[in-house]
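Examination of the molecular architecture
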Amino acid sequence: MRTYPPVGTLDALARRLCALPPSCGPVRLVAVDGHAGSGKTTFTGRLAEALGGAPVLHTDDFATHEELFGWAERLRTQVLAPLARGAAARYAPYDWRERRFAATPRRLDPAPVVLLEGVGSGRRAVRPWLARLLWMELPDRDSWRRGQLRDGPGLSAFWDGWLPAERAHFADDPSRPYAGGLVLQRKEGYEVLPGPAATDRDTLCPHTA
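Residues numbered from 1 in each chain as written. Predicted model: local features only at pLDDT ≥ 70, side-chain atom pairs only at ≥ 80, totals over all residues. Heavy atoms only, no water.

1. Some details on the overall build of the protein
Under the convention used in this document: Runs of E in the DSSP output that reach at least two residues are strands. Runs of H or I that reach at least four are helices, and both are numbered from the N terminus. This radius of gyration counts C-alpha atoms alone. The globule rule is 2.2 Å times how many residues there are, raised to the power 0.38. For each residue, the accessible area found with a 1.4 Å probe, counting protein chains only, is set against the maximum for its type, and the residue is called buried under 20%, exposed over 50%, and partly exposed in between. Any two residues having at least one pair of non-hydrogen atoms within 4.5 Å are treated as being in contact. What sets the accessible areas is the Shrake-Rupley method with a 1.4 Å probe; for residues, cover comes only from the shown protein chains.
For the protein, the count of helices and strands is five helices and twelve strands. Since a compact globule built from 209 residues should have a radius of gyration of about 17 Å, the 17 Å found for the protein is in line with a globular shape. Here the C-alpha coordinates of the protein stretch approximately 45 × 40 × 30 Å along the principal axes. Sorting the 209 residues of the protein into buried and exposed places 48% on the buried side. For the protein, restricting intrachain contacts to residue pairs at least 6 apart in sequence, the fraction spanning at least 24 positions comes to 68%. Carbon and sulfur atoms provide 52% of the accessible area of the protein, an area that totals close to 10400 Å².

What follows is the structure in structure tokens.
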């Protein structure tokens, strides 16, 4: 079994990501994928801080009620293609309460590292643009239970539709096998282990935030 030296802290992980070759024009695009409720948003926020305020894209801004996973083309045309040219991206985030896209687009300038978080962010249509894929290592049932407790009974109808959609998505287009790092949440912080796609040069190993 291969062994990997420890990284140490989230700051060290951030430095490691910054040292990766650009993957989308001048940008190192890093995806944080995992099941709904696995803690992607919180972890990504802390990683963004360690990166000095790296921009964070949420797949929820591109998905809709009718297209829970049909957002890849919107992400490509509005964000990935412009960044690949070294240009600013502009996208209209979806409003989940109003059930429509915002009238005023957001601007995203190229940055050394841009984080993309959300279920399916490591899908095959996005992977060619990624410098690194991180997977939140929490089983689906535990993640979903936590997510449902977080959202409360008011969103139970949404979850009734979400669960089969997520199962179908990952059955057809799994992300975890392509992850270079597996993120585990511990009481003392986060532990990042080499993922299924880690190489001998990867050193994503236990660290705490």
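Following the structure, the description resumes.
2. Comments concerning unusual backbone geometry
A positive phi angle, near 60°, is found at Arg99, a position not held by glycine. Here Arg99 is to be found in the loop between strand S5 (94-95) and strand S6 (100-101).

3. A short note on the pattern of salt bridges
In plain terms, the rule: What makes a salt bridge here is a side-chain nitrogen of Lys or Arg within 4 Å of a carboxyl oxygen of Asp or Glu, nothing more.
Under the counting rule described, the total for this entry stands at twelve salt bridges. Linking Arg99 and Glu66 is a salt bridge whose minimum nitrogen-to-oxygen distance equals 3.5 Å. Here the residue Arg99 occupies a position in the loop between S5 and S6, and Glu66 occupies one in the loop between strand S3 (56-58) and helix H3 (72-84), the gap between them amounting to 33 residues. Of the residues examined, Glu66 reaches a relative accessible area of 60% and is grouped as exposed. In this structure, Asp173 and Arg127 form a salt bridge, with 3.8 Å as the shortest nitrogen-oxygen distance. Taken together, the residues Asp173 in the loop between helix H5 (156-172) and strand S10 (181-186) and Arg127 in the loop between strand S8 (113-117) and strand S9 (130-136) connect sequence positions 46 residues apart.

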